[in-house]
Amino acid sequence: MRKVVAGNWKMHHGPRAAADFLARFRPETDPESVRLIFFVAGLSLQAVKANARVPVGLGVQNIHWEPSGALTGEISAEMAAEAGASYALVGHSERRHVFGETDAEVGRKVGAAVRAGLVPVVCVGEQLEERRAGRLDAVLRRQVSAFIPGLRGCGEFMVAYEPVWAIGTGETATPQDASEAHGILREALGELGRAPILYGGSVQPGNAAALMSVPGVDGVLVGGASLDPEVFARIAAAGRSPG
Ligand code: 13P
């Protein structure tokens, strides 16, 4: 399976910076060997689409579960699809822990993405206290069981394992940590466990190849290191399939 190398720009890169990034993004890898996806601000979708020189998948970082309504400031999955997105991050740790998104809301958003024809990339991961308390397994299983019903009718989806303590901290899960968590996730997904599972949390050019060589790690979801085109191109190269 081609590795997925996805960038989550978070609240960075408006249309001008996005166009500039794409003009300078020249990964030394071809789309046959790695699958590139950018999760960008909705306002920058068109700029990425118009300026990409290599095939890239386009995604948004959040959606609302309603298709439309009096919900000031929100964007629906249908709107994101119409604006050019094919993917949607759902349940990112910052959505869960900064904006208080619940497991139930994550499930509804997954359902909305599926109905709109977007590929949901559902983020899960434990907080440091949960890991220390030996609750990794229970937390991941709870998060997975909350979104499985939303996948009904789904053609394709992905999961991103992003331990909260590794996001933006410079602290990366070891290959063993990733292997253990991905194993739990595949088991919790049951018959859906063949979906790609990505690792995210302080991925850098220096650790990307080691993480992607872990059996069961199908790619990476990169935050800070995806903002610079040269740095991200090096991570993309690390995902290149051998041969
Ligand atoms: P960092 O790579 O900056 O740790 O962020 C990870 C992340 O949240 C990707 O979604």
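Structure first, text after, so check above.
Summary of the structure given here. Everything numeric in this text was worked out from a predicted model, so none of it was measured.

Moving on, we come to the overall build of the chain. Regarding its fold elements, the chain presents 10 helices and eight strands. Over its C-alpha trace the chain gives a radius of gyration of 17 Å, about what one expects of a compact globule, namely 18 Å for 243 residues. For the chain, the residues scored as buried account for 52% of the 243 residues in total. Intrachain contacts of the chain at a sequence separation of at least 6 include 71% that bridge at least 24 residues. Per element, the accessible surface of the chain, about 10,900 Å² overall, is 52% carbon and sulfur. In the chain, which carries 24 positive and 26 negative side-chain charges, the distance between the mean positions of the two groups comes to 3 Å.

Now for the packing of aromatic side chains. Across all of its chains, the model carries nine aromatic pairs by this definition. Note on Phe-21 and Phe-38: the rings are 5.5 Å apart at their centroids and 80° apart in plane angle, and the pair reads as edge-to-face. Here Phe-21, found in helix α1 (residues 15-24), pairs with Phe-38, found in strand β2 (residues 34-40); they are 17 residues apart in sequence, far enough to count as distant. Across the pair, exposure class does not vary: Phe-21 and Phe-38 are buried alike.

A large share of β2 lies buried, amounting to seven of its seven residues. Residues of β2 alternate between two faces, with Val-34, Leu-36, Phe-38 and Val-40 on one and Arg-35, Ile-37 and Phe-39 on the opposite face, all of them buried. Relative to β2, strand β1 (residues 3-8) is paired through six bridges, and the arrangement is parallel. Bridge pairing in β2 places Val-5 opposite Leu-36. Each parallel crossover has a hand, and for β1 linked through α1 to β2 it is right-handed. Sheet topology note: the β2/strand β3 (residues 57-60) ladder contains four bridges and is parallel. Bridge pairing in β3 places Phe-38 opposite Leu-58. For the crossover from β2 across helix α2 (residues 45-51) to β3, the handedness is right-handed.

This part covers the site of the ligand. Inspection of the region around the ligand gives Asn-8, Lys-10, His-92, Glu-162, Ala-166, Ile-167, Gly-168, Gly-201, Ser-202, Leu-221, Gly-223 and Gly-224 as its neighbouring residues. Between an oxygen atom of the ligand and a side-chain N or O atom of His-92, the distance comes to 2.8 Å. At 2.9 Å from an oxygen atom of the ligand is found a main-chain nitrogen or oxygen belonging to Gly-223. Contact with the protein chains covers 95% of the free accessible surface of the ligand, which is 310 Å².

Once that is clear, we can look at the nonpolar core. Formed by 64 residues in total, the largest nonpolar core has its most connected members in Val-5, Ile-63, Leu-118, Phe-147 and Tyr-199. Top contributing element to this core by residue count: helix α8 (residues 175-189), with six residues. In this structure, Tyr-199 is in contact with Tyr-161, Pro-163, Ala-166, Thr-172, Ala-173, Ala-178, His-182, Leu-211, Val-217, Gly-219, Val-220 and Leu-221, ignoring residues within four places of it in sequence.

Analysis parameters
- Residues numbered from 1 in each chain as written.
- Predicted model: local features only at pLDDT ≥ 70, side-chain atom pairs only at ≥ 80, totals over all residues.
- Heavy atoms only, no water.
- Helix = DSSP H or I, 4+ residues; strand = E, 2+ residues; numbered from the N terminus.
- Rg over C-alpha atoms; globule rule 2.2 N^0.38 Å.
- Buried < 20%, exposed > 50% of the residue type's maximum accessible area, 1.4 Å probe, protein only.
- Contact = heavy atoms within 4.5 Å.
- Areas by Shrake-Rupley, 256 points an atom, 1.4 Å probe, with all protein chains shown as cover.
- Lys, Arg positive; Asp, Glu negative; His and termini not counted.
- Charge placed at Lys NZ, Arg CZ, Asp CG, Glu CD.
- Phe/Tyr/Trp six-rings, centres within 6.5 Å; stacked < 30°, edge-to-face > 60°.
- Pairing = 2+ DSSP bridges.
- Right-handed = clockwise from strand over helix to strand, strands pointing away.
- Near = heavy atom within 4 Å.
- Polar contact = N/O pair within 3.5 Å; in protein donor to acceptor, adjacent residues only side chain to side chain.
- Core = buried A, V, L, I, M, F, W, Y, C linked by side-chain atoms within 4.5 Å.

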